[in-house]
Amino acid sequence: MAKHHVTTTINGEPVEFLCSTRQTLLDVLRDELNLTGSKEGCASGDCGACSVVLDGRLVCSCLVLGAEAEGKTVETIEGMAQGDSLHPLQQNFLEDAALQCGICTPGFLVAAKALLERNPDPTETEVRYWLAGNLCRCTGYDKIIRAVMRTADEVRGEAS
Amino acid sequence: MTGEKTEFKWVGTRAIRPDGHDKVTGRAKFGSDFALPGMLQGRVLRSPHAHARIRSIDTSAAEALPGVKGVITSADFADQSSELAAAGEALVNYRDMVRNVMAREKALYDGHAVAAVAATSAEIAEAALELISVDYEVLDHVIDVDLAMEPGAPILDEELEPAGMEASGPTNIAKRVDFDLGDVEEGFAKAEVVLERSYTTAAVHQGYIEPHAAVASVSEDGQAQIWCCTQGQFMVRAYTARLCGMETSQIRVTPSEIGGGFGGKTVVYLEPLATALSRKTGRPVKMIMSREEVFRASGPTSAGSMTYRIGATRDGVITAFEGTIRLEAGAFPGSPVQPACMCAVAPYDIKNVRLTGYDVVVNRPKVAAYRAPGAPISAFGAESIIDELAKELGFDPLQLRLKNAAKQGTKAAYGPTFRRIGFEETVEEAVASEHYSAPLGPNQGRGVASGFWFNIGGESAATVNITEDGTAVVVSGNPDIGGSRASLALMAAEELGIDYSKVRPIVGDTSSVGYNFLTGGSRVTFATGLAVVEAARDAVRQLCERAAKIWEVESDGVIWRDGHAVPASSNVGDFEPLSLADIAGQSPKTGGPICGHNAQNVQGAGPGFATHICDVEVDPETGRVTILRYTAVQDVGRAIHPSYVEGQIQGGAVQGIGWALNEEYIYNERGQLENPGFLDYRIPVASDLPMIETVVVEVPNDRHPYGVRGVGEVPIVPPMAAVANAIENATGVRMEHLPMSPPRLLAALDAARLPEAAE
Ligand code: FES
Ligand code: FES
């Protein structure tokens, strides 16, 4: 079967790849492009470990076909830190111990960043509902929610 | 030893974990992130039947498919004799294990592996599975533990000989265990109130977010390397060597980062298959389970059924406790019924206890450990009946627990006499908490429950290598499942007296560090932590000797203080302190590399106790339960890294809430799992929950230099009863079966409302 030639932008870099029709964007990122920071926990859109931002929209990359990335921009966990400085969410996840095993962490960070860009002052309930599509089995979510709320406070503090 | 150290510089701080940056940037390599050149993809064919005899398997069409490089079945694994073999501290039966990784005579559950394929792509491997034809003779199946014990039930293994009892003819009962303390008849004779109740709990999955994954590469000379996500690289090595007929030293297992385990990654599934396929094809083979395979074929914990009788005097002294606990083991013997019995009423000082447990095989996946294996099941019933007893006696439920609390010197029904433990402290903290006296609204209720877990020690080995520039690398052998690198590094920094940032902890592969029993039993910070402390002390001893050489004094004239060698007294001489870096820099001239080492079979784990408070609101129209507030109090001995201690407590509590409210395996009438995905097997999500408040109690374990007790397991023990007790408090309805999902609770509420309506 002929493969699709896809031209896209990933974390600000132009990228071309070949993929089969049935390969998901997650498969392409992980298997073709070696961007293994996005994780597969279910391949059915239920766990959020594969979260990426596609043309500004938070999506489960396991539910997007690789071919659909044609002409679009993709942001993954690998593009979150700038140079040698972590994104404030990454820093606060570390300081607040918002990860135990860490398998869910890339997905939570990508999703939380998308939340704060839309809503810089979320309530706890808003954070909990926004992140309800990201499963974490280790933390009970407490420290994750706190780290996101604290980051929102800090970023707003800097902006004002 | 004896908890000698009480002043700390690093222990007790909330340092950033050493592996943290890799985990927030996507750099960390988990099980499925590993790849090798020329690697094949392996896939497993699984039985669609709950119970079927395998008459024959024809793999020829699959083998002929272009791109397929190898197919294996049970014929590729030598049979093993039935005997319990020691594997570290665990006992395993290799006859069962070889059958679980690949079905032989029979497929025993929906999802049981029957063949595996390695091909040049995943697509080809999947296509090849469809070309394998298996001739099954479908048999009657049984998936319920009580039904499996009945006469005439379908028999899984005609040759099964139960341990601990006589059986007349074939049975599904693999084992009976008995625990006796005092005289229960006498105890019940003294009782003024006696209650008898039955409870059931559903099978639940550990629910780690990372599916099982392994890459194996066997070279032509028979040397194998395996990379996999596991709680124990040494366990993988031992089991794979045995099942594949190799020598242990020929296999080198490197553990990847692990995306959760909770006990579920203490066994092998893919590793022997990938190794056999790699040996057959001469190429590296990668195997990953899908989420569906994780649910259908990897270990959940047991479903359970229990009957309890409790007796007490009117003034609140529990005089007798008697119970029978039946746990399903899945397709092969080995449910945690023994620890279930041992933990059921361990928090209490009850003079007369009799507990009987049955380990029962059924047509479900073989159970694997899940956080405090067995204890949450037996405690659900025990902590529910104690709650009812409190009500019956007119006691506050925490006061009743306090009145009967086990303490130092209490003889536990499972054998030992407790040393210093912190159970009473957890109850007292719960009583004193603001939460316990906070007001409740309509349809709201509050429940409490306690829990116990032994915690374990076991074999650990660690090395502390001092580098040329005066920093330290700590090598140990336990996969870091939730921040153990941080706790080990904090303890090493404490002993060496150097900055935490100068200690680099790594998790070694099986060939680069001594044997370590797996990550489990809440043992790593305690047992491997002790090995690290002792290895650091060994390094310090060597550092002092080197300083003595430099100063040309006797080695006992040097002591270690704040990261420096200093003269033990002014008699030794007047020397400037030598820093660790000073001594390390001169090590080539003073005797060569400085490597501290320790290996031991650690004893003296301190038991853990917890008491939880849960507030719920019940929607009377739908039966939906909302957790409004949750507080977990736990004795942790000493919190080495408080954030990860709290995190373990919060995570365990939430897993328990999921077990209480909605997690269960749903089978159809053919014994096939109907909910093998996160959409239908719904674990708690962020919007289901409030913050989980933690109260950390520190009653030091006197058999650890810092007082550490394990913390990871006991938090999953109290939640189910705490939730059930809260629901009863809110509605007056007592739920005796898990999960307490909306349809079940609604049915119970309706049943309770009926008589009212009839009036
Ligand atoms: S892997 Fe995409 S949502 Fe789970
Ligand atoms: S930290 Fe393990 S799943 Fe979230």
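What you see is a predicted model; the values in this text were computed from it and never measured. (Residues numbered from 1 in each chain as written. Chains lettered and ligands numbered in written order. Predicted model: local features only at pLDDT ≥ 70, side-chain atom pairs only at ≥ 80, totals over all residues. Heavy atoms only, no water.)

## A closer look at unusual backbone geometry
Let me state the cut-off plainly: For the purposes of this entry, the term helix denotes a DSSP run of H or I that reaches at least four residues, the term strand denotes a run of E that reaches at least two, and both are numbered from the N terminus.
Here the amide bond leading from Leu738 of chain B into Pro739 of chain B is cis, since omega sits at -5°, within 30 degrees of zero. Checked against the element boundaries, Pro739 of chain B lands in the loop between α19 (719-731) and α20 (742-758). Phi at Ala43 of chain A takes a positive value of approximately 65°, unusual for a residue other than glycine. Along the chain, Ala43 of chain A turns up in the loop between α1 (25-32) and β3 (51-54).

## Notes on the layout of surface pockets
As a reminder of what qualifies: Buriedness for pockets is judged along seven lines, at least five of which must meet protein on both sides within 12 Å for an open set on the 1 Å grid over protein atoms alone, while cavities are sets there where a 1.4 Å probe fits but cannot get out, and lining residues have an atom within 4 Å of a point. Grid points are joined across faces, edges and corners, and a volume is the space filled by probe spheres set on the points. In this count, Pro and Cys sit with the nonpolar residues alongside Ala, Val, Leu, Ile, Met, Phe, Trp and Tyr, while Asp, Glu, Lys and Arg are called charged and the others, Gly among them, polar.
Taken as a whole, the second largest pocket holds about 1600 Å³ of empty space. Along its surface, the second largest pocket is lined by 49 residues, and Asp27 and Asp31 of chain A together with Arg43, Ala122 and Glu126 of chain B are the ones closest to its centre. Secondary structure elements with two or more residues in the lining of the second largest pocket: α1 of chain A together with β1 (40-46), α4 (122-131), β14 (285-288) and α9 (291-297) of chain B. Grouping the amino acids of the lining of the second largest pocket by side-chain chemistry returns 18 nonpolar, 11 polar and 20 charged.

## Some thoughts on the packing of aromatic side chains
All names here are of chain B. Using the following cut-off: Note on ring pairs: Phe, Tyr and Trp rings are taken, using the six-membered ring of Trp, and paired if centres are within 6.5 Å. Classes follow the plane angle, with under 30 degrees stacked, over 60 edge-to-face and the rest tilted. Each residue's exposure class comes from its accessible area (1.4 Å probe, protein chains only) as a fraction of the maximum for that residue type: buried when under 20%, exposed when over 50%, partly exposed otherwise. Here, a charge over a ring means that NZ of Lys or CZ of Arg falls within 6 Å of the ring centre while also lying within 35 degrees of the ring normal.
For the coordinates displayed, the defined rule picks out 25 aromatic pairs over all chains. With centroids separated by 4.7 Å and ring planes inclined at 10°, the aromatic side chains of Trp551 and Phe575 adopt a geometry described as stacked. Here the residue Trp551 occupies a position in helix α15 (residues 524-551), and Phe575 occupies one in the loop between β23 (564-567) and β24 (578-579), the gap between them amounting to 24 residues. Residue classification places Trp551 among the buried positions, given a relative accessible area of 10%. With relative accessibility at 25%, the residue Phe575 sits in the partly exposed group. If you follow Arg309 out to its NZ or CZ, it ends over the ring of Phe188, 3.9 Å from the centre.

## Digging into the interface of chain A and chain B
Threshold: We call two residues in contact whenever any of their non-hydrogen atoms come within 4.5 Å of each other. Buried area: the sum, over both parts, of the accessible surface (1.4 Å probe) that disappears when the two are put together. Take a side-chain nitrogen of Lys or Arg and a carboxyl oxygen of Asp or Glu: if they are within 4 Å of each other, that pair is a salt bridge. By the criterion applied in these results, polar contacts are pairs of N or O atoms within 3.5 Å in which, for protein atoms, one can donate a hydrogen and the other can accept it, and in which residues neighboring in sequence qualify only through two side-chain atoms.
The partner chain B presents 53 residues to the 44 residues of chain A that form the contact. The contact between chain A and chain B buries some 4000 Å² in all, and 58% of this surface belongs to carbon and sulfur atoms. Of all residues in chain A, Leu94, Gln100 and Arg137 of chain A bury the most surface against chain B, accounting for 21% of the area lost on that side. Taken together, the connections running from chain A to chain B amount to five salt bridges. The shortest N-O distance in the salt bridge between Glu126 of chain B and Arg22 of chain A comes to 3.1 Å. Between the two partners, chain A and chain B, sit 21 residue pairs in polar contact (both at pLDDT 80 or more). Mapped by element, the contributors of at least two residues to the side of chain A that touches chain B are α2 (88-95), α3 (105-118), α4 (124-130) and α5 (142-159) of chain A. Its residues assigned to classes, the side of chain A that touches chain B comprises 20 nonpolar, 11 polar and 13 charged.

## Comments concerning the packing of α2 of chain A against α5 of chain A
Residues and elements named next belong to chain A. Put simply, the test is: Axis definition: a line fitted to C-alpha atoms, limited for helices to the stretch in contact. Angles are taken between N-to-C directions and run from 0 to 180 degrees. For this classification, under 35 degrees means roughly parallel, over 145 means roughly antiparallel, 65 to 115 means roughly perpendicular, and everything else is oblique. Crossings are classed by handedness, with left-handed meaning an anticlockwise turn of the near helix from the far one by less than a right angle and right-handed meaning a clockwise turn.
The geometry of α2 relative to α5 is characterised by a closest axis approach of 9 Å and an angle of 135° between their N-to-C directions. Looking at the two axes, α2 sits oblique to α5. α5 is crossed by α2, and the crossing has right-handed handedness. Of the residues in α5, those in contact with Pro88, Leu89, Asn92, Phe93 and Glu95 of α2 are Ile144, Ala147, Val148, Arg150, Thr151, Glu154 and Val155. Here the contact of α2 with α5 is composed, by residue class, of seven nonpolar, two polar and three charged.

## Quick look at the sheet that holds strand β21 (residues 503-507) of chain B
Residue and element names in this part refer to chain B. Basically, it comes down to this: Two strands form a pair only when DSSP identifies at least two bridges running between them.
If you walk across this open sheet you meet the four strands as β21-β20-β19-β25, and the pairing is mixed. The sheet is open, and its two borders are formed by β21 and β25 (594-602), each paired with just one other strand. Across the sheet, the mean angle from the axis of one strand to that of its neighbour is 15°, orientation sign disregarded. Direction of pairing for strand β19 (residues 458-466) relative to strand β20 (residues 472-476): antiparallel, over a ladder of five bridges. Note that in β20 the partner of Val464 across the bridge is Val474. Packed onto the sheet, α15 meets β19, β20 and β25 and runs at close to 145° relative to β25.

## Quick look at the domain arrangement of chain B
Residue and element names in this part refer to chain B. Operational definition: Note: domain ranges come from an automatic or database domain assignment.
The domain boundaries assigned to chain B delineate domain 1 (20-27 + 457-602), domain 2 (34-139 + 210-259 + 265-297) and domain 3 (300-455 + 606-758). Look at where the C-alpha atoms of domain 2 and domain 3 centre, and you get two points 36 Å apart. Taken residue by residue, the interface counts 18 residues in domain 2 and 18 residues in domain 3. Interface of domain 2 and domain 3: buried area, both sides summed, is about 1500 Å²; carbon and sulfur atoms make up 65% of it. Scanning the region where domain 2 abuts domain 3 turns up zero salt bridges.

## Thoughts on the pairing of strand β2 (residues 13-19) of chain A
Across seven bridges, strand β1 (residues 4-10) of chain A lies against β2 of chain A in antiparallel orientation. Opposite Thr7 of chain A, over in β2 of chain A, you have Glu16 of chain A as the bridge partner.

## Points about the nonpolar core
As a reminder, the rule being used: Buried Ala, Val, Leu, Ile, Met, Phe, Trp, Tyr and Cys residues form a nonpolar core when they are joined through side-chain atoms within 4.5 Å.
Among the nonpolar cores identified, the biggest contains 194 residues, and Phe93 of chain A together with Tyr308 and Ile727 of chain B are the most heavily contacted of them. For this core, the element with the highest residue contribution is helix α11 (residues 375-393) of chain B, accounting for 10 residues. Counting residues in each nonpolar core, the second largest holds 46 residues, with Val474, Ala493, Phe526 and Leu580 of chain B among its members.

## A closer look at the domain arrangement of chain A
Residues and elements named next belong to chain A. Once the domains are mapped, chain A shows domain 1 (4-79) and domain 2 (88-159). Taking only C-alpha atoms into account, the centre of domain 1 sits 22 Å from that of domain 2. Facing 15 residues of domain 1, the contacting portion of domain 2 comprises 14 residues. Between domain 1 and domain 2, the buried area comes to about 1000 Å², and carbon and sulfur atoms account for 63% of it. One salt bridge connects Glu75 with Lys113, and the closest N-O pair in it is separated by 3.7 Å. Seen at the junction of domain 1 and domain 2, the total is four residue pairs in polar contact (both at pLDDT 80 or more).

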